[in-house]
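Structural features, examined
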Amino acid sequence: MADGVLPETLEIVNTRYLMVVAAIALPILFIPSNSVAQAVRVTAESEVFRKGVNGRQLAEVLRGTRLALVRTEGDWAEVAMEGWVRTSSLSPTTREGFNRVITRVGGENLRAGPDGDVTARLLQGFLLDLVEEEGEWSHVLRRGWMWRPSLSELIDPTGEGEPAARPAPPAVVAAGERVVAGSDPVDLRVAPGGDTVAVILPGSGLRVVERGNQWTRVIVDGWVRSSELATSNPDSILVGVSAAAVRATPEEYLGRTVRWSVQFISMGRAEPERTDFYEGEPFILARAPDPQDGFVYLAVPPELLGDVQELDALQMIDVLAQVRTGRSPLMGVPVLDLVALF
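Since the model is a prediction, treat every value here as computed from it, not as a measurement.

1. Some points on the overall build of the chain
The helix and strand tally for the chain stands at four helices and 24 strands. Taking all 342 residues of the chain together, 46% fall into the buried category. Sequence-distant contacts, at least 24 apart, represent 57% of the contacts inside the chain between residues at least 6 apart. Surface exposure of the chain reaches about 17,500 Å², of which carbon and sulfur atoms provide 53%.

2. A word on the packing of aromatic side chains
Across all of its chains, the model carries five aromatic pairs by this definition. Arranged with centres 6.0 Å apart and planes meeting at 45 degrees, the rings of F49 and F126 form a pair that is tilted. Taken together, the residues span a long stretch of sequence, with F49 in strand β2 (residues 46–50) and F126 in the loop between β9 (118–122) and β10 (127–134) at a distance of 77 residues. In this structure, F49 and F126 share a single accessibility class: buried. With a centroid separation of 5.3 Å and an interplanar angle of 75 degrees, the aromatic rings of W76 and W147 are classed as edge-to-face. On the criterion of sequence distance, the pair formed by W76 in strand β5 (residues 76–86) and W147 in strand β11 (residues 137–147) is long-range, its members being 71 residues apart. Look at W76 and you get buried, because its relative accessible area is 10%. Grouping aromatic residues by their ring pairs yields a cluster made of F277, F283 and Y297.

3. Observations concerning empty space enclosed by the protein
Counted according to the given criterion, the structure contains three cavities of 30 Å³ or more. Looking at the largest cavity, its volume works out to about 40 Å³. Residue lining of the largest cavity: M81, E82, G83, L110, L122, F126, L128, V140, L141 and R142, and that is the complete set. Going through the elements one at a time, β5 and β11 are the ones with two or more residues in the lining of the largest cavity. Taken together, the residues of the lining of the largest cavity break down into seven nonpolar, one polar and two charged.

4. A word on the confidence of the model for the chain
Residues with a pLDDT of 70 or more make up 76% of the chain, whose mean pLDDT is 78. Throughout residues 1–37 the model reports pLDDT below 50, and contacts reaching past four residues in sequence, or to other chains, amount to 60 contacts. Below pLDDT 50 for its whole length, residues 156–176 participates in 33 contacts with residues either more than four positions away or in separate chains.

5. Here we look at the pattern of salt bridges
Under the defined criterion, the tally for this structure stands at nine salt bridges. Across the pair R56 and E281 runs a salt bridge whose closest N-O atoms are separated by 3.0 Å. Of the two residues, R56 sits in the loop between β2 and β3 (57–62) while E281 sits in the loop between β20 (257–269) and β21 (282–287), which places them 225 residues apart along the sequence. Across the pair, exposure class does not vary: R56 and E281 are buried alike. For E73, the salt bridge is made with R71, and the minimal N-O distance between the two is 3.8 Å. The exposure class assigned to E73 is partly exposed, which follows from its relative accessible area of 42%. Within this structure, R56, E281, R324 and D337 form a network of salt bridges that share partners.

Conventions we followed
Residues numbered from 1 in each chain as written. Predicted model: local features only at pLDDT ≥ 70, side-chain atom pairs only at ≥ 80, totals over all residues. Heavy atoms only, no water. Helix = DSSP H or I, 4+ residues; strand = E, 2+ residues; numbered from the N terminus. Buried < 20%, exposed > 50% of the residue type's maximum accessible area, 1.4 Å probe, protein only. Contact = heavy atoms within 4.5 Å. Areas by Shrake-Rupley, 256 points an atom, 1.4 Å probe, with all protein chains shown as cover. Phe/Tyr/Trp six-rings, centres within 6.5 Å; stacked < 30°, edge-to-face > 60°. 1 Å grid on protein atoms, 1.4 Å probe; cavity = no way out; pocket = protein on both sides within 12 Å on 5 of 7 lines; lining within 4 Å. Points joined across faces, edges and corners; volume = space filled by probe spheres on them. Nonpolar A, V, L, I, M, F, W, Y, C, P; charged D, E, K, R; others polar. pLDDT = per-residue confidence, 0-100. Salt bridge = Lys/Arg side-chain N within 4 Å of Asp/Glu carboxyl O.

Here is the structure:
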């Protein structure tokens, strides 16, 4: 089964709704035989909701949000997420078998109920299915993938008798250019709002590299056993690969993460004919790492939009980005998702 897509012979909305209800309230029913029947809760401060395993970022799910666990694959978990959004932020669609898409510029909040607590932040272009409408609110759902270590099993899937949600960890206390983790473990992330890659224990010393937009970039000093290290693998960050190489063999680089030094030209928003972007999605036009390779496009997520808007024309920037397409059918150049800006 493709990501979030059911055969056309099934009633898409009703089937997906039954699967979510079954996974949360009656974990034994309506779950495929190779699936894990349980409910889970996000334990990290926030975690990324993706289209596939280590795939494109679609949303940021907040700590404490409950999800239905469909199945696992290594360190990744496929989950079903449901909630409520403002109907005015949705538009009808038929893309990839879904019937609604988030069209509000900058994205929209997913809530636990109509005008309820925010549980996730959905990016513009997020595809989902409409279950029901109540006035100006719509009940929606979507399946996707999340980093498994950031989820914990709920012993009581109904939510009755659960302990209060663990409070967010306190901010680290500055001590010159060095800081110390607070009284609770701190999630170390690959980028602001990105995946959790490690947990820093209380009292651990850190060295500050930079600060900005409520995030602090740090370096952790420590030791690991040599036997526990591995050489580079397909999921590692690529350094030194050229835009020409990505364009020449787009299938090889699809979904891979690269670190590039590019020249910022301008920022714009995608028009309907730019099919490699969502309509209205902000993007960077930049000169490739090797100028003779021409230009590349970088889709900008909401959490990095403020930083990008402060860039000057022709400024050199270091970026971490994931390849969305190695060779755009319309423009013939690589299109990437911006993950971090240095």
